[in-house]
Amino acid sequence: MDRTFSWQNMDITLDENNTITVHDILNETKEELDFRDRVTDMSLAYGALVVTTNSQYHVYQQTNWNTPHVEDLKEPPTLIVQCPHHFALVDANGIQVINYEGRPLSTIKFSGLRSEFLNQNTLTLCRDAIALVDPAQPKQIRVYDLYTGRPIGSAPIQHKLDVVKISLNQQGSGADRTIAILDRSEEHTSELQSLAGS
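The text that follows walks through the structure, step by step, so that each part is easy to find.

A look at the sheet that holds strand β10 (residues 86-91)
And then number 1: Strand order in the open sheet formed by four strands is β9-β10-β11-β12, and the pairing between neighbours is antiparallel. Either end of the sheet is taken by a strand with one partner, and the two such strands are β9 (79-82) and β12 (104-108). Averaged over all pairs of adjacent strands, the angle between their axes in this sheet comes to 20°, without regard to strand direction.
And then number 2: For β10 and strand β11 (residues 94-99), the ladder comprises six bridges, and the chain directions are antiparallel. Among the inter-strand pairings, D91 is bridged to a residue of β11, identified as G94.

Remarks on the pairing of β10
And then number 1: For β10, a buried count of six out of six residues is recorded, marking the element as mostly surrounded by other parts of the structure.
And then number 2: Here β10 shows a buried face lined by H86, A88 and V90 and a second buried face lined by F87, L89 and D91.
And then number 3: Bridge count for β9 against β10 is four bridges, and the pairing is antiparallel. Within β10, the residue paired with V81 across the bridge is A88.
And then number 4: The hairpin turn running from β9 into β10, its antiparallel successor, is three residues long.
And then number 5: The antiparallel hairpin formed by β10 and β11 contains two residues in its connecting segment.

A look at the nonpolar core
Buried together is how nonpolar side chains tend to be arranged in soluble globular proteins.
And then number 1: Formed by 18 residues in total, the largest nonpolar core has its most connected members in I95, L118, L123, L125, I130 and L132.
And then number 2: At the level of elements, β9, β10, β11, β12, β13 (123-125) and β14 (129-133) are the ones that each hand at least two residues to this core.
And then number 3: Residues contacting L125, with those up to four places away along its chain left out, are V81, Q82, C83, H86, F87, A88, V97, I130, L146, L168 and Q170.
And then number 4: Counting residues in hydrophobic clusters, the runner-up holds 14 residues, among them L14, I20, V22 and F35.

Considering the side chain of T53
And then number 1: With respect to the secondary-structure elements, T53 resides in strand β6 (residues 48-53).
And then number 2: Once residues lying within four places of it in the same chain are set aside, the contact partners of T53 are D37, R38, V39, T40, H58, L73 and P77.

A look at the packing of aromatic side chains
And then number 1: Counted according to the given criterion, the structure contains six aromatic pairs.
And then number 2: With a centroid separation of 5.9 Å and an interplanar angle of 75°, the aromatic rings of Y57 and F87 are classed as edge-to-face. Here Y57, found in strand β7 (residues 56-61), pairs with F87, found in strand β10; they are 30 residues apart in sequence, far enough to count as distant.
And then number 3: On the accessibility criterion, Y57 (3% relative accessible area) is buried.
And then number 4: Members of the aromatic cluster, joined through ring pairs, are F35, Y60 and W65.

Details of the state of the cysteines
What we call a disulfide is simply a covalent bond connecting the sulfur atoms of a pair of cysteines.
And then number 1: Overall, the coordinates contain zero disulfides when judged by the stated rule.
And then number 2: Distance from the sulfur of C83, which forms no disulfide, to the nearest cysteine sulfur (C126) is 6.6 Å.
And then number 3: Take C83: its relative accessible area is 1%, and that puts it in the buried class.
And then number 4: Classification of C126 as buried rests on a relative accessible area of 0%.

Looking at the environment of L118
And then number 1: Relative to the helices and strands, L118 resides in the loop between β12 and β13.
And then number 2: For the pair L118 and L79, spaced 39 residues apart in the sequence, the C-alpha separation amounts to 7.7 Å.
And then number 3: In this view, L118 contacts L79, V90, I95, L113, L132, V133 and P135; residues no more than four positions away in its chain are not counted.

Quick notes on the rules
Residues numbered from 1 in each chain as written. Predicted model: local features only at pLDDT ≥ 70, side-chain atom pairs only at ≥ 80, totals over all residues. Heavy atoms only, no water. Pairing = 2+ DSSP bridges. Helix = DSSP H or I, 4+ residues; strand = E, 2+ residues; numbered from the N terminus. Axes fitted to C-alpha atoms, helices over the stretch in contact; angles between N-to-C directions. Buried < 20%, exposed > 50% of the residue type's maximum accessible area, 1.4 Å probe, protein only. Core = buried A, V, L, I, M, F, W, Y, C linked by side-chain atoms within 4.5 Å. Contact = heavy atoms within 4.5 Å. Phe/Tyr/Trp six-rings, centres within 6.5 Å; stacked < 30°, edge-to-face > 60°. Disulfide = S-S within 2.5 Å.

Shape is all these values report; function is a separate question.
What follows is the structure in structure tokens.
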């Protein structure tokens, strides 16, 4: 069965033969990317295509589909989350943050992390921080420095209701970093909270 993703003027399609076709609609070009191993996941955003197999991840740039950054994996990831500057691969051992040149930046781990329950709604990252809804305590949001892997703030952010979606702002840094929180309330309201005070 084919899988298709789109981002801006790019469409990518994975076929049953482990070939990804990249179609640039604006420039009317097509590229075919072949993989020897079965593709387990892929994500297209911010001009970068991240593809995972059971043993490797491949990072392609929209400006050059011919020479990806390829690195080996210890375990197959269960989730890919991208931001304009980096991406995160989630596996059973934790969350690995990697830049688009394929260089690992940090690994996020804590006691009780149930990474199999994280998804695109409960994990977010930006230039300098990564945040996640704690799967074991869905009213709690943990925020980490993206480069050191250390927690930001003296304690996790506590919310009144179970959190179903979070998003870090992508502009600015440090003191002006905010997080939008969507909880499980009947009104589905969103809250904007500064990380500087957490």
